[in-house]
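# Fold and contact review
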Amino acid sequence: MSAPSDSPRDAPPAAGPLARSEAEQAWSRAGWSDGDDRRLTRLQRLTARFGRGTVIGVPYLWLLLFFLLPFLIVLKISFAEFRLGLPPYTPLLEWIDGTYLQIRLALGNYQFLLEDPLYITAYLNSLKVAFFSTVFALLIGYPMAYAIARSKPSLRAVFLLLVILPFWTSFLIRVYAWIGILKNNGLINNGLMALGLIDEPLPLLNTEFSLYVGIVYSYLPFMVLPLYATLEKMDTSLIEAAADLGCRPFKAFLTVTLPLSLPGIVAGSMLVFIPAVGEFVIPDLLGGAGTLMIGKVLWSEFFNNRDWPVASAVAIAMLIFLVIPIVVFQHYQQKQAERAEES
Amino acid sequence: MTDAVLQAGAPGPAARPEGSRPGAVLRRAEARPIIEIDDVVKTFGEFVAVDHVSLTIREGELFALLGGSGCGKTTLLRMLAGFERPTAGRILIGGQDMTHVAPYDRPVNMMFQSYALFPHMSVEANVAFGLRQDGLPKAEIRDRVRQMLDLVQLAPFAKRKPHHLSGGQRQRVALARSLAKHPKVLLLDEPLAALDKKLREQTQLELVGIQERVGTTFVVVTHDQEEAMTMADRVAIMDSGRIIQVDTPHALYEYPNTRFVAEFFGTVNMFQGDLIEDEPDHILIRSDALANPVYVGHGISAREGATVWVALRPEKLAISRTRPDRAHNWDQGIIEDIVYLGGISTYHVRLDSGALARVTTQNLERMAEPDITWDDRVFVSWRHDNVVVVTG
């Protein structure tokens, strides 16, 4: 629309403004002027903002109601003291004589966590179990994801379905099924004895072994799926290019496939590691009495000791222990990604 | 149809009339073979991708495999690279049987259509990748990488990651990477397909320049007839897994051996006819599409009465308002369309038989008034030595 004013050299100076006003007239005759245009976009912008707000707002509201608020309640209880009654803890805010408001922050629960080695040992053990479970899940899940991603496209959907299929059964039932497999007169021991390979049952259940079997089995799909997603979209001509340039298959895997699947490895490991740290059901059912994991400690504080304040402190401490390294890690990852973008 | 008409520009200024490089062709005539493909067959299940292909490519040649999609050209190239194993036949590279040798043990390198640059490595690391596999000393790798980046004029971009480069720059990194190991043969799979038209034309000549400088044998797969003409010393035209003709671009254009080649390689007016007179010194062909018989001043190897095709290149037809003074090699019709392309114009003449003839003329004079216009009645004629007769 500003074409005439864009090329003043072509037109005599006097014709410039005239031409422009003519053009403007033509535009407004056609029902289009700059003003109209702006009003239209403002309206559009408003609806767009509203639409975006709704789409983002709903999940935010959900998280606020069902995550942040409960979390704040737990935080509040962690600063209270145990008492007999309902609720079984002292209030945070209290009117004294009806004249002044008293805030009581009891830090003793956190101090107690540090004093009793049970809690620190349980935390460290949980981290250890989660770490090795993640490593095992990666060692098993990577070849699985790789094989699925490299299989025929028609077969991929079937394999993926097989990975997801266990989810259709209750998690609890699947863990109980492992008891049936691992117990002294269970599937494995009976089978081995029938074959005459062993004379008495191997102690499989309620050991570290059964604990790892349970966790790795339960969380394996969370490792396989993100790995599959990264491996599947990888350009296979990259591997061909590596081979073409004289790189043998295993080295091509190490120098090309593995580094390019790093995002999948990170995502899968996070999805296994984080829930594994706080896992309660599997150590309780498969891990036996000796297994010390923070989820179990938390549960017994809540339900056996009925000490809500200490239990809440355990939960908050676990969250901090977990969140801080994750945030630091994420921050580092993002920085690295940005650096990669820039270079 | 429109595409075909636009490509009528092929014999125009862009084409090289005498092969691509006459000197090169002479030099290569005595060069020894670097690739020998011996009766190679490749099937995928029921589908025959490459069907008994035999081909010899000489050292230092820029050779093009040309054909439409699914003609087997890429499968053939991938067999040279070692990504596919032939179902039958042998492939010799530099005199050695490479039929069942793995890609990483072959003295050839490939430039991929997608470029296949390693996205997590810098330009430098990409180019160095092949040299590292050979375990060359670091200093030598550094020198070779610098040399290659200079060759493709990308030295300032050595530290960048591939996704920070333009399409043309990526293409050059891919070239540098595949040339870095000094392969005996460089295989290029549609090397310019991802570039836009302008850049493609410029890069064609650049590639030829680089090939001449390094002296490596290039085997280029392309579906673009003009690209093959611009770049290659020799072109193999493929269709349904078979090689139809192997020759210089000039010979393919002027002496096509089949209808397929004549139609695929450039634009052509094709008329079906019967051989009515076959003498050692001339033949006569009668076609339902043409009012007068076609006279050709040499004999052909076909029986009298056989069905033949007369192939006439648009630029070898002449158009005029005056009736030619002879009994053959002309026809008349109405100008149906005129396509003005600047350097040349293409006239679409609807012959009285209903057939269409395309005639291109060069617009030599700037001020010339076009004396032939729409709906004019014109005469189309051609010289007898410009007629190509094919039998199948």
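Residues numbered from 1 in each chain as written. Chains lettered and ligands numbered in written order. Predicted model: local features only at pLDDT ≥ 70, side-chain atom pairs only at ≥ 80, totals over all residues. Heavy atoms only, no water.

Moving on: the overall build of chain B. For chain B, the helix and strand inventory stands at ten helices and 20 strands. Across the 392 residues that make up chain B, the buried fraction comes to 53%. Taking as baseline every contact in chain B between residues at least 6 positions apart, the subset at least 24 positions apart corresponds to 66%. When the accessible surface of chain B is totalled, it reaches about 17800 Å², and 49% of it is carbon and sulfur. (Helix = DSSP H or I, 4+ residues; strand = E, 2+ residues; numbered from the N terminus. Buried < 20%, exposed > 50% of the residue type's maximum accessible area, 1.4 Å probe, protein only. Contact = heavy atoms within 4.5 Å. Areas by Shrake-Rupley, 256 points an atom, 1.4 Å probe, with all protein chains shown as cover.)

So, about the overall build of chain A. Helix and strand counts for chain A stand at 15 helices and two strands. Taken over 343 residues, chain A has a buried fraction of 32%. Across chain A, contacts joining residues at least 24 apart in sequence account for 68% of those joining residues at least 6 apart. A total of about 21300 Å² of accessible surface is found on chain A, and carbon and sulfur atoms cover 69% of it.

On to the sheet that holds strand β5 (residues 96–97) of chain B. Residue and element names in this part refer to chain B. Spatially, four strands are ordered β2-β1-β4-β5 in an open sheet, and the strand pairing comes out antiparallel. One side of each edge strand has no neighbouring strand; the edge strands of this open sheet are β2 (47–58) and β5. Sheet topology places strand β1 (residues 33–44) next to β2; eight bridges connect them, and they run antiparallel. Bridged to lysine 42 within β2 is valine 50. The strands touched by helix α3 (residues 73–81) within the sheet are β1, β2 and β4 (88–93), with β1 carrying the most contacts at an inclination of about 120°. (Pairing = 2+ DSSP bridges. Axes fitted to C-alpha atoms, helices over the stretch in contact; angles between N-to-C directions.)

Counting all residues, the mean pLDDT for chain A is 84, and 87% of those residues have values of 70 or more. This stretch, residues 1–19 of chain A, has a pLDDT under 50; its non-local contacts, to residues over four places away or in other chains, come to six contacts. (pLDDT = per-residue confidence, 0-100.)

Here we take up the pattern of salt bridges. Residue and element names in this part refer to chain B. Evaluated as defined, the whole model comprises 22 salt bridges over all chains. Notably, a salt bridge pairs glutamate 124 with lysine 159, separated by 3.1 Å at the nearest N-O pair. Taken together, the positions of glutamate 124 in helix α4 (residues 123–133) and lysine 159 in the loop between α5 (138–151) and α6 (167–179) put the pair 35 residues apart, joining distant regions of the chain. What makes glutamate 124 partly exposed here is its relative accessible area of 28%. Classification of lysine 159 by relative accessible area gives exposed; the value is 62%. (Salt bridge = Lys/Arg side-chain N within 4 Å of Asp/Glu carboxyl O.)

All names here are of chain A. According to UniProt, the feature "transmembrane region" (unreviewed entry) maps to residues 55–79, 122–145, 157–179, 209–231, 252–277 and 308–329 in the numbering used here. Counting secondary structure, residues 157–179 comes out at 74% helix and 0% strand; the distance between its end C-alpha atoms is 31 Å. Structurally, residues 252–277 is divided into 96% helix and 0% strand, and its ends, taken at the C-alpha atoms, are 34 Å apart. (UniProt positions renumbered as here; feature names shortened; annotations may be inferred.)

Our next topic: the interface of chain A and chain B. Often, the extent of an interface is quoted as the loss of accessible area on bringing the components together. Of the residues lining the interface, 22 residues belong to chain A; the matching set on chain B comes to 26 residues. For the pairing of chain A and chain B, the buried interface totals around 2000 Å² over both sides, and the portion due to carbon and sulfur atoms is 58%. Where chain A touches chain B, the interface holds two salt bridges. Here arginine 78 of chain B ties to glutamate 240 of chain A by a salt bridge, and the two come within 2.6 Å at their closest N and O atoms. On the surface where chain A and chain B come into contact, there are nine residue pairs in polar contact (both at pLDDT 80 or more). Listed by contribution, the elements that provide at least two residues to the side of chain A that touches chain B are α10 (236–244), α11 (249–260) and α15 (308–342) of chain A. (Buried area = accessible area lost by both parts, 1.4 Å probe. Polar contact = N/O pair within 3.5 Å; in protein donor to acceptor, adjacent residues only side chain to side chain.)

Time to look at the nonpolar core. Among the nonpolar cores identified, the biggest contains 43 residues, and Leu65, Phe118, Leu187 and Val219 of chain B are the most heavily contacted of them. Counting residues per element, this core draws most heavily on α3 of chain B, which supplies five residues. Excluding residues within four positions of it along the chain, leucine 65 of chain B makes contact with Leu55, Lys73, Leu76, Val219, Val220, Val221, Thr222, Ala236 and Met238 of chain B. Core analysis: the next-biggest nonpolar cluster, separate from the first, contains 36 residues, Ala137, Val216, Leu220 and Val224 of chain A among them. (Core = buried A, V, L, I, M, F, W, Y, C linked by side-chain atoms within 4.5 Å.)

Here we take up unusual backbone geometry. Residue and element names in this part refer to chain B. Phi is positive for histidine 52, close to 50°, though the residue is something other than glycine. Residue classification places histidine 52 among the exposed positions, given a relative accessible area of 51%. In this model, asparagine 329 sits at a positive phi of 60°, which is unusual for a non-glycine residue. When you line up the elements, asparagine 329 lands in the loop between β15 (317–320) and β16 (330–340).

All names here are of chain B. Pairing of strand β11 (residues 269–278) with strand β14 (residues 307–312), which is carried by six bridges, proceeds in the antiparallel orientation. Bridge assignment links phenylalanine 271 to a residue of β14, and that residue is valine 310. Taking the residues between adjacent antiparallel strands as the criterion, β11 and strand β12 (residues 283–286) are bridged by four residues.

Inspection of the entire model under this criterion finds 22 aromatic pairs over all chains. Relative to tyrosine 110 of chain A, the ring of phenylalanine 79 of chain A lies with its centre 5.5 Å away and its plane at 45°, an arrangement referred to as tilted. In this pair, phenylalanine 79 of chain A sits in the loop between α3 (34–78) and β1 (93–96) while tyrosine 110 of chain A sits in helix α4 (residues 108–115), placing the two residues 31 residues apart along the sequence. The same class applies to phenylalanine 79 of chain A as to tyrosine 110 of chain A, namely buried. A centroid spacing of 4.6 Å and a plane angle of 45° characterise the contact between phenylalanine 118 of chain B and phenylalanine 129 of chain B, whose relative ring orientation is tilted. Of this pair, phenylalanine 118 of chain B sits in the loop between β6 (108–111) and α4 while phenylalanine 129 of chain B sits in helix α4, and the two are eleven residues apart along the sequence. Across the pair, phenylalanine 129 of chain B and phenylalanine 118 of chain B agree in class, each one buried. Through a chain of ring-to-ring contacts, three or more aromatic side chains come together here, namely Tyr89, Phe280, Trp299, Phe302, Phe303 and Trp308 of chain A. Directly above the ring of tyrosine 146 of chain A sits arginine 150 of chain A, whose terminal nitrogen or CZ lies 5.0 Å from the centroid. (Phe/Tyr/Trp six-rings, centres within 6.5 Å; stacked < 30°, edge-to-face > 60°. Lys NZ or Arg CZ within 6 Å of the ring centre and 35° of its normal.)

Our next topic: the pairing of β1 of chain B. All names here are of chain B. Joining the antiparallel neighbours β1 and β2 is a turn of two residues, in which glycine 45 adopts a positive phi near 65°. Direction of pairing for β1 relative to β4: antiparallel, over a ladder of five bridges. If you follow isoleucine 37 over to β4, its bridge partner there is isoleucine 91.

Another aspect to go through is the packing of helix α6 (residues 153–164) of chain A against helix α9 (residues 208–232) of chain A. Residue and element names in this part refer to chain A. It is at 10 Å that the axes of α6 and α9 come closest, and there the two elements cross at 155°. By the angle between their axes, α6 is roughly antiparallel relative to α9. Where α6 crosses over α9, the two elements pack in a sense that is left-handed. Along its contact with α6, which presents Arg156, Leu160, Val163 and Ile164, the element α9 presents Pro221, Val224, Leu225, Tyr228 and Glu232. A class-by-class count of the residues in the contact of α6 with α9 yields seven nonpolar, no polar and two charged. (Parallel < 35°, antiparallel > 145°, perpendicular 65-115°, else oblique. Left-handed = near helix turned anticlockwise from the far one by under 90°. Nonpolar A, V, L, I, M, F, W, Y, C, P; charged D, E, K, R; others polar.)

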